[in-house]
Amino acid sequence: MFPKVPMQQTLRQKLEILADAAKYDASCASSGTAKKNSLGGKGVGSTEGMGICHAYAPDGRCISLLKILLTNHCIFDCHYCINRKSANTPRARFTPQEVVDLTLNFYRRNYIEGLFLSSGIVKNANHTMEQLVEVARILREEHDFRGYIHLKTIPEADAEIIHAAGLYADRVSINVELPTTAGLTRLAPDKNAGQIEGAMGRTKARIIEAKDERKRFRHAPRFAPAGQSTQMIVGADGASDTVIIGKASTLYNAFGLRRVYYSAFSPIPDASAVLPLKRPPLLREHRLYQSDWLMRFYGFAPQEVADAAEADGNLPLDIDPKLAWALKFRESFPVDVNRAPKEMLLRVPGLGTKAVARILASRRHRTLRLDDVARLTASVAKVRPFICTVDWRPTLLTDRADLRGLIVPKSEQLELF
Amino acid sequence: MTAMQNVSLGAHYAVHLPAPDDFAAWRERARGLVQCDVPPDRVSWIEPGATGDLFAAEGPSRGDKRLPPPPADAPPVRASQRFLTIARSAALHSDPARFGLLYRVLWRLQRNPRLMEDKADSEVRRLEELAKSVRRDAHKMHAFVRFREVEEEDGTPHFVAWFEPDHHIVRAEAAFFMRRFANMRWSILTPRGSIHWDGEVMREGPPARREDAPGGDPVEDLWRSYYASIFNPARLKVGAMLSEMPKKYWKNLPEAELIPQLIAGAQAREAAMVKAGEREERVRPATLAEVAQGAAACRDCPIADCGTRAVAGEGQSGATLMIVGEQPGDQEDVVGRPFVGPAGQLLDDHLARAGIDRAATYVTNAVKHFKFTWKGKHRLHQSPGAKEIDTCRWWLDAERAIVRPRIVLALGASAARGVLGKTVSISKARGTPLALDDGSELWITAHPSYLLRLDGAAREEQTALFAADLAAVRERLAELTG
């Protein structure tokens, strides 16, 4: 084998390699951090709560941050990862200053909201983490950069270095990678579930501490004001949706995570042969996000989402999990939109949180008819079998055995490769 | 005196607004009209540049009456906070009917103060839609303005952007860019007017043309590279992209020119992967003969194209011990059997000395084809790469599933990778067995060809270690078979 060491890479070549290597991280969020702007400062940047997607790639994903790796050299050998030691992929390495210059040049032209920096592990975890923190330090201290910074932290690194990362960054994240410890041991032999969760626990404690201090001292330093997030790879090991949902719910509760990202294991060039032969359909990732939403915004317990799953523990792909739940528990329907409590309205397939808020506000003023509901929702056809209004009662519909067939979208989405 | 006495009955009022985005002016006029009790159907709102009001133009009796001052005892005009928030945005919409709608809702609010809560009301709904599309337009402006750097005469950088908003949002959004780029000199030019910030003062300018903005910026090349590289061609979702970044914005986005070629590239890649993916549909072979046949026809890695033959494993299905080597060598390729060359002879000697009967074992290799380079007339052995070992693992896994050995003995790092799927260090892994998923044990030792390459003391030392490993395997075999 010939080691691939190009003579001298240009900045553009490095950017191509290190952006390519970073694209398997799903997160690109730039929302939910403390408000700040560059008035009265020396540099550029502002964050005003709402994230901004500055472009969209043809994969449908938003481009909000400059998402790159500092280097894709790595001493670890995780099978699902394109940057694993044994992968035959071109390697490159940025200096911290190069990343700083790129970030500022992109930011000044309004291409991005900030930086999402991650890295392969070079030398050791501490050295790598120090380099990541150095980039954030130069941006914040030397250039007074007030845009968004998301740093990936390396659980194996010392707690003090991770702490320094949280002082500069808006958000920190540590990837749990796989939903089961067995999967992690098999596919990421150099990683350790205990270590990952330990680091997440420490980060949570620091976030709470810093919030608490700011209540008492106005100038206490902020620590990761946009909280922490994590990512799980779906479909690389045998974990079913039920297992993944359970894991996500544990993570939300135990570590106060802002988000759990699900990344459908994406066929990577030069894949390791240990990986499963079948790719998960992209739709599975989508269904997991939907169930994540059900737990966070719709008052579903993890067990209830699991109830919507099929016998093999996976959520149906042809219908969304809320509809699946409604079809399984028909005795809870129809829901009277004029009387039902908010919790029950949120269970109606086709009613989102905003539609429910609109219904609750409107019904104080009028008794809702089906036409009114049609104005308040995106699609009354989807809602109709599960609600009743003064002029509508789906007696025959809700009890029909073939209801599923009537509701399920007819056109089959083609599976992408 | 009541309000109605103050205005002429049946009069029609045409109200001229100073600017299409002047909410404050509308608010002031609307307040006066409500206090004078002028119903909505008697007011038309005219913004600059509009053709004027049809009714007002009809005749002198319906002309633009000057609104009298509101009566002193007129009750204060009331509106909910929600209405104000929504109205501020909706007033910026490009729909000419927006001010009339705003006035109608304001009028109704005087009688029904909680009207804004009635989301099923069609006028409230329409107002919310207007506000929503203005907010979206503003959000897209935050997102899609692209500055280009030009150098001013005094040598300072000036960042200039061209943007085409759908609604009258430019003045309202100036503050956002000021807060974000407070210490930069910048201008945003649009067909609805322009704004300029010099680091201290905001100035407004007349509508601009695209030609007034700079044509390019060298950093755009880097940005396009980033855009192309962060795109994951394994997941093409053009619809999702279009819903958030509609085509009307593309002409002002430097990266958008890449989109057609990225989509075409992804589709070509998809076709290639469908072909490569045929392997995934393959059924795992059920017999050793099928493995031999399949491996012979296998072209999944480049080694198979070296013009050599696949050397199948040899031995009993159901053997307790499976011995895995790296790959066939020159001799093995000629003969078509594993471990018949110099390394094979050394292995046979050691097996005999340890008391292991080769005939009762199953012997195979991690990689089934011989990888070599020509050196003169000789074929010189080359180690297979990790990728090649991982690819060939398909066949080794099949053999393990058929033979079902109790112990797998891996000779060398390549063999260990073939079994485990990851690279291990021989010196660390030897001597202690590893449990495999199927319940069998993996013992790892050096490859005999390694011994052949050593000399003197090193060779003696390694030979002793090798012999000790085989003896340990022998002992364990005896334990297992009782």
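A quick note: this is a predicted structure, and the numbers were derived from the prediction, not measured. (Residues numbered from 1 in each chain as written. Chains lettered and ligands numbered in written order. Predicted model: local features only at pLDDT ≥ 70, side-chain atom pairs only at ≥ 80, totals over all residues. Heavy atoms only, no water.)

1. Observations concerning the nonpolar core
Formed by 161 residues in total, the largest nonpolar core has its most connected members in Ile 68 and Phe 106 of chain A together with Trp 186, Tyr 226, Tyr 227 and Met 245 of chain B. When residues in this core are grouped by element, the largest group, 8 residues, is from helix 3 (residues 125–142) of chain A. In contact with Ile 68 of chain A, other than residues within four places in its own chain, are Leu 15, Leu 18, Ala 19, Ala 22, Phe 94, Val 99, Leu 115, Phe 116, Leu 117 and Ser 118 of chain A together with Tyr 226 of chain B. Counting 34 residues, the second largest nonpolar core, distinct from the first, contains Ala 11, Val 15, Cys 36 and Phe 99 of chain B. (Core = buried A, V, L, I, M, F, W, Y, C linked by side-chain atoms within 4.5 Å. Buried < 20%, exposed > 50% of the residue type's maximum accessible area, 1.4 Å probe, protein only. Helix = DSSP H or I, 4+ residues; strand = E, 2+ residues; numbered from the N terminus. Contact = heavy atoms within 4.5 Å.)

2. What to know about helix 6 (residues 193–216) of chain A
Residues and elements named next belong to chain A. Helix length check: helix 6, at 24 residues, gives a terminal C-alpha distance of 35 Å against a target of 34 Å (1.5 Å per residue), a fit within 8%. Among the residues making up helix 6, those that are buried are Ile 196, Ala 199, Met 200, Thr 203, Ile 207 and Ala 210. Buried-residue contacts for helix 6 involve helix 4 (159–168), strand 6 (171–173), helix 5 (181–187), strand 7 (228–234) and helix 7 (241–255). Taking the backbone nitrogen of Gly 194 as reference, a side-chain oxygen 2.7 Å away marks Asn 192 as the first, capping residue of helix 6. (Expected span 1.5 Å × (residues − 1). Polar contact = N/O pair within 3.5 Å; in protein donor to acceptor, adjacent residues only side chain to side chain.)

3. Overview of the sheet that holds strand 3 (residues 65–69) of chain A
Residue and element names in this part refer to chain A. The strand order 3-4-5-6-7-8 describes an open sheet built from 6 strands, whose pairing is parallel. Pairing within the sheet leaves two strands with one partner each, and these edge strands are strand 3 and strand 8 (259–264). Between one strand axis and the next, the sheet turns through 20° on average, direction left out of account. Here strand 5 (residues 148–152) runs beside strand 6; their pairing, made up of 3 bridges, is parallel. (Pairing = 2+ DSSP bridges. Axes fitted to C-alpha atoms, helices over the stretch in contact; angles between N-to-C directions.)

4. Quick word on the packing of aromatic side chains
Residue and element names in this part refer to chain B. A full pass over the atoms with the stated rule returns 27 aromatic pairs over all chains. Between Trp 26 and Trp 45, the aromatic rings sit 5.9 Å apart at their centres with planes inclined by 45°, giving tilted as the arrangement. Here Trp 26 is found in helix 2 (residues 23–35), whereas its partner Trp 45 is found in strand 2 (residues 43–46), with 19 residues between them in sequence. Judged by relative accessible area, which is 1%, Trp 26 ranks as buried. The exposure class of Trp 45 is buried, given its relative accessible area of 10%. (Phe/Tyr/Trp six-rings, centres within 6.5 Å; stacked < 30°, edge-to-face > 60°.)

5. Describing the packing of helix 5 (residues 98–111) of chain B against helix 6 (residues 122–144) of chain B
Residue and element names in this part refer to chain B. One can describe the packing of helix 5 onto helix 6 by two numbers: an axis separation of 10 Å at closest approach and a directional angle of 135°. In this view, helix 5 runs oblique relative to helix 6, as classed from their interaxial angle. For the pair helix 5 and helix 6, the sense of crossing is left-handed. In this structure, helix 5 uses Arg 98, Leu 101, Leu 102, Arg 104, Val 105 and Arg 108 to contact helix 6, whose residues at the interface are Glu 123, Arg 126, Leu 127 and Leu 130. (Parallel < 35°, antiparallel > 145°, perpendicular 65-115°, else oblique. Left-handed = near helix turned anticlockwise from the far one by under 90°.)

6. Side note on the interface of chain B and chain A
Of the residues lining the interface, 73 residues belong to chain B; the matching set on chain A comes to 74 residues. A combined buried area of about 6600 Å² lies between chain B and chain A, and 57% of that area is made up of carbon and sulfur atoms. At the surface where chain B touches chain A, the tally comes to 7 salt bridges. Between Glu 113 of chain A and Arg 180 of chain B there is a salt bridge, with its nearest N and O atoms 2.4 Å apart. Linking chain B with chain A are 35 residue pairs in polar contact (both at pLDDT 80 or more), by the criterion used here. Looking at the side of chain B that touches chain A residue by residue, the class counts come to 34 nonpolar, 10 polar and 29 charged. (Buried area = accessible area lost by both parts, 1.4 Å probe. Salt bridge = Lys/Arg side-chain N within 4 Å of Asp/Glu carboxyl O. Nonpolar A, V, L, I, M, F, W, Y, C, P; charged D, E, K, R; others polar.)

7. Brief notes about the environment of Lys 119 of chain B
Residues and elements named next belong to chain B. Structurally, Lys 119 can be placed in the loop between helix 5 and helix 6. Linking Lys 119 and Ala 74, residues 45 residues apart in sequence, is a C-alpha distance of 30 Å. Polar contacts involving the side chain of Lys 119 include one to the side chain of Glu 128, which spans 3.3 Å.

8. Describing the state of the cysteines
All names here are of chain A. Evaluation of the coordinates by the stated rule reveals 1 disulfide over all chains. Cys 53 shares a disulfide with Cys 62; S-S distance 2.5 Å. Taking the sign of the S-S torsion, about -85° here, the bridge from Cys 53 to Cys 62 comes out left-handed. Cysteine Cys 28 shares no disulfide, and the gap to the nearest cysteine sulfur, in Cys 62, comes to 4.8 Å. Since its relative accessible area comes to 10%, Cys 28 is described here as buried. (Disulfide = S-S within 2.5 Å.)

9. Some points on a positive patch on the surface
Taken together, the side chains of Lys 354 of chain A together with Lys 132, Arg 135 and Arg 136 of chain B present a region of like positive charge at the surface. Within the element layout of this structure, Arg 135 of chain B appears in helix 6. (Patch = residues over 30% accessible without salt bridge, like charges linked within 9 Å, V, L, I, M, F, W, Y side chains within 5 Å. Areas by Shrake-Rupley, 256 points an atom, 1.4 Å probe, with all protein chains shown as cover. Lys, Arg positive; Asp, Glu negative; His and termini not counted. Charge placed at Lys NZ, Arg CZ, Asp CG, Glu CD.)

10. Observations concerning the side chain of Ser 46 of chain A
With respect to the helices and strands, Ser 46 of chain A occurs in the loop between helix 1 (11–20) and strand 1 (55–56). Within polar-contact distance, the side chain of Ser 46 of chain A engages the side chain of Arg 180 of chain B at 2.8 Å. Excluding its chain neighbours within four sequence positions, the residues that come into contact with Ser 46 of chain A are Lys 36, Asn 37, Tyr 107, Glu 113, Arg 146 and Gly 147 of chain A together with Arg 179 and Arg 180 of chain B.

11. Quick notes on the pattern of salt bridges
Taken as a whole, this structure holds 63 salt bridges over all chains when the rule is applied. Across the pair Glu 314 of chain B and Arg 358 of chain B runs a salt bridge whose closest N-O atoms are separated by 3.6 Å. One end of the pair, Glu 314 of chain B, is in strand 8 (residues 314–315); the other, Arg 358 of chain B, is in the loop between helix 14 (342–354) and strand 10 (362–365), and 44 residues separate them in sequence. Through salt bridges with shared partners, a single ionic network connects Glu 134, Arg 137, Glu 141 and Glu 142 of chain A.

12. Some details on the confidence of the model for chain B
Residues and elements named next belong to chain B. Chain-level pLDDT for chain B is 87 on average; 92% of the residues reach the 70-or-more range. Counting contacts from residues 1–5, a segment whose pLDDT is below 50, to residues more than four positions away or on other chains yields 8 contacts. Within the model, pLDDT remains below 50 along residues 56–64, and this stretch shows 8 contacts once partners closer than five positions in the same chain are excluded. (pLDDT = per-residue confidence, 0-100.)

13. Brief notes about the domain arrangement of chain A
Interfaces are often described in size by the accessible area the parts lose on coming together. When cut into domains, chain A gives domain 1 (11–280) and domain 2 (321–407). For domain 1 of chain A versus domain 2 of chain A, the distance between C-alpha centres works out to 40 Å. (Domains from an automatic or database assignment.)

14. Some thoughts on the environment of Lys 132 of chain B
Here Lys 132 of chain B shows up in helix 6. Here the alpha-carbon distance between Lys 132 of chain B and Ile 86 of chain B, two residues 46 residues apart in the chain, equals 8.5 Å.

15. Thoughts on the pairing of strand 12 (residues 378–381) of chain B
Residues and elements named next belong to chain B. Relative to strand 12, strand 11 (residues 372–375) runs antiparallel, the two being bridged by 4 bridges. Residue pairing for strand 12: Phe 372 is matched across the bridge by His 381. Taken together, strand 11 and the strand that follows it, strand 12, pair antiparallel across an intervening segment of 2 residues, in which Gly 376 is found at a positive phi of about 65°.

16. Brief notes about the environment of Lys 342 of chain A
Inspection of the secondary structure assignment puts Lys 342 of chain A in helix 11 (residues 342–345). Taking C-alpha positions, Lys 342 of chain A is 49 Å from Asn 72 of chain A, a pair spaced 270 residues apart along the chain.

17. Examining the domain arrangement of chain B
As assigned here, chain B comprises domain 1 (3–139), domain 2 (145–212), domain 3 (219–278) and domain 4 (288–481). Just the C-alpha atoms count here: the centres of domain 3 of chain B and domain 4 of chain B sit 45 Å apart.

18. Section: the packing of helix 2 of chain B against helix 4 (residues 81–90) of chain B
Residues and elements named next belong to chain B. Following both chains from N to C, one finds helix 2 and helix 4 inclined at 130°, their axes separated by 10 Å at the closest point. With respect to their mutual orientation, helix 2 and helix 4 come out oblique. Considering how the two elements wind past one another, helix 2 and helix 4 form a crossing that is right-handed. Contact residues: helix 2 offers Phe 23, Trp 26 and Arg 27, while helix 4 offers Phe 83, Leu 84, Ala 87 and Arg 88. A per-class count over the contact of helix 2 with helix 4 returns 5 nonpolar, no polar and 2 charged.

19. Here's the deal with helix 2 of chain B
All names here are of chain B. Here helix 2 contains 13 residues, and its C-alpha end-to-end distance of 18 Å stays within 8% of the 18 Å for a straight helix at 1.5 Å per residue. Taken as a whole, helix 2 has its buried residues at Phe 23, Ala 25, Trp 26, Ala 30, Gly 32, Leu 33, Val 34 and Gln 35. N-capping of helix 2 is provided by Asp 22, with a side-chain oxygen placed 3.4 Å from the backbone N of Ala 24.

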